[in-house]
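# Chains, contacts and geometry: an overview
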Amino acid sequence: MAQLEACLLAQVDAAWQRCREVHPDLPQPRVWCDLRGKSAGQAHFGRGGLRFNARLYAENRHTFLAEVVPHEMAHWLVHHLDRGPRMRPHGREWQTVMRRLFARPPHVTHRFDVSRASPAPYRYRCDCRDHFFTARRHGLARRGSRYCCRHCAQTLVYAPLNNDEKSA
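Residues numbered from 1 in each chain as written. Predicted model: local features only at pLDDT ≥ 70, side-chain atom pairs only at ≥ 80, totals over all residues. Heavy atoms only, no water.

This brings us to the overall build of the protein chain. Across its full length, the protein chain carries five helices and six strands. Counting helices and strands in the order they occur from the N terminus, the protein chain gives α-β-β-β-α-α-α-β-β-α-β. Rg of the C-alpha trace for the protein chain: 20 Å, well past the compact-globule value of 15 Å for 168 residues, more than 25% over. If one aligns the C-alpha atoms of the protein chain with their principal axes, the spans along those axes are about 55 × 35 × 25 Å. (Helix = DSSP H or I, 4+ residues; strand = E, 2+ residues; numbered from the N terminus. Rg over C-alpha atoms; globule rule 2.2 N^0.38 Å.)

Taken together, three strands build an open sheet; the order of strands is 1-3-2 and the sheet is mixed. Two strands lie at the open edges of the sheet, namely strand 1 (30-32) and strand 2 (41-44), each paired on one side alone. Going from strand to strand, the sheet's axes swing by 20° on average, the running direction of each strand aside. Pairing analysis gives three bridges linking strand 1 to strand 3 (residues 49-52), with the strands arranged parallel. Paired with tryptophan 32 across the two strands is arginine 51, which belongs to strand 3. Sheet strands in contact with helix 3 (residues 61-79) are strand 2 and strand 3, and its direction is about 150° off that of strand 3. (Pairing = 2+ DSSP bridges. Axes fitted to C-alpha atoms, helices over the stretch in contact; angles between N-to-C directions. Contact = heavy atoms within 4.5 Å.)

To continue, consider the pattern of salt bridges. Taken as a whole, this structure holds six salt bridges when the rule is applied. Among the ionic pairs, arginine 125 bridges to aspartate 130, the shortest N-O distance being 2.8 Å. With a relative accessible area of 35%, aspartate 130 lands in the partly exposed category. Connected via shared salt-bridge partners are Asp34, Arg47 and Arg51. (Salt bridge = Lys/Arg side-chain N within 4 Å of Asp/Glu carboxyl O. Buried < 20%, exposed > 50% of the residue type's maximum accessible area, 1.4 Å probe, protein only.)

Estimated volume of the largest pocket: approximately 330 Å³. Around the largest pocket, the lining is made up of 20 residues, and of these His71, Glu72, Val108, Thr109 and His110 lie nearest the centre. Those elements that provide at least two residues to the lining of the largest pocket are strand 2 and helix 3. With five residues, helix 3 is the single largest residue contributor to the lining of the largest pocket. Here the residues of the lining of the largest pocket are counted per class, giving six nonpolar, nine polar and five charged. Of the voids in this model, the second largest pocket is the one considered here, and its volume is about 210 Å³. Together, His131, Phe132, Phe133, Thr134, Arg137, Tyr147, Cys148, Cys149, Arg150, His151 and Leu156 line the second largest pocket. Here the residues of the lining of the second largest pocket are counted per class, giving six nonpolar, three polar and two charged. (1 Å grid on protein atoms, 1.4 Å probe; cavity = no way out; pocket = protein on both sides within 12 Å on 5 of 7 lines; lining within 4 Å. Points joined across faces, edges and corners; volume = space filled by probe spheres on them. Nonpolar A, V, L, I, M, F, W, Y, C, P; charged D, E, K, R; others polar.)

Time to look at the nonpolar core. Leu8, Phe52, Phe64, Met73 and Phe102 are the most contacted members of the largest nonpolar core, which totals 31 residues. Top contributing element to this core by residue count: helix 3, with nine residues. The residues contacting phenylalanine 102, other than those within four sequence positions of it, are Ala15, Arg18, Cys19, Pro70, Met73, Ala74 and Val97. Membership of the second largest hydrophobic core comes to eight residues, among which are Tyr124, Cys126, Phe133 and Leu156. (Core = buried A, V, L, I, M, F, W, Y, C linked by side-chain atoms within 4.5 Å.)

As a further point, take the sheet that holds strand 6 (residues 157-158). As summarised here, the arrangement of the three strands in space is 5-4-6, forming an open sheet in which the pairing is antiparallel. At either margin of the open sheet sits one strand with a lone partner, and together these are strand 5 (130-133) and strand 6. Judged from the four bridges that link them, strand 4 (residues 122-125) and strand 5 form a sheet pairing that is antiparallel. Its bridge partner being in strand 5, arginine 125 is matched across the sheet by aspartate 130. Each of strand 4, strand 5 and strand 6 is contacted by helix 5 (residues 135-142), which is oriented at about 50° to strand 4, the strand it contacts most.

Right, dumping it as structure tokens:
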């Protein structure tokens, strides 16, 4: 994992250097691999850096480095422009940075399989679909909270993903 993280840090550094060509005073972001769930990356201005999902990175290395790192670095650059904090997150400025600086299409979301990274492994069912709950919501449901489907209005019923979860 240390080698993967080193590659990620090198890619972030290269993207930062590229951004400094147009904004020499751009501060260098700190980097964390502590993001969980379905998000691949996050520019976190309060913490002063970029957060990445280590699981999604490990499962999608090349695409992650080519798409997610420039995506988040574009947010970092746009935020540090004069009017940056007031600009829309995926607005015209961000799209311009993606196209002109990184030569990437400005996709707002990734297309990674998030089934193993999802923090919602507890399946509940209704007549029309499956719903996935986090451990916290699953615990509340097991203690008596009732949840209904927004589409068919039926009460959701726990449906373990495999036989080992029946006691959960």
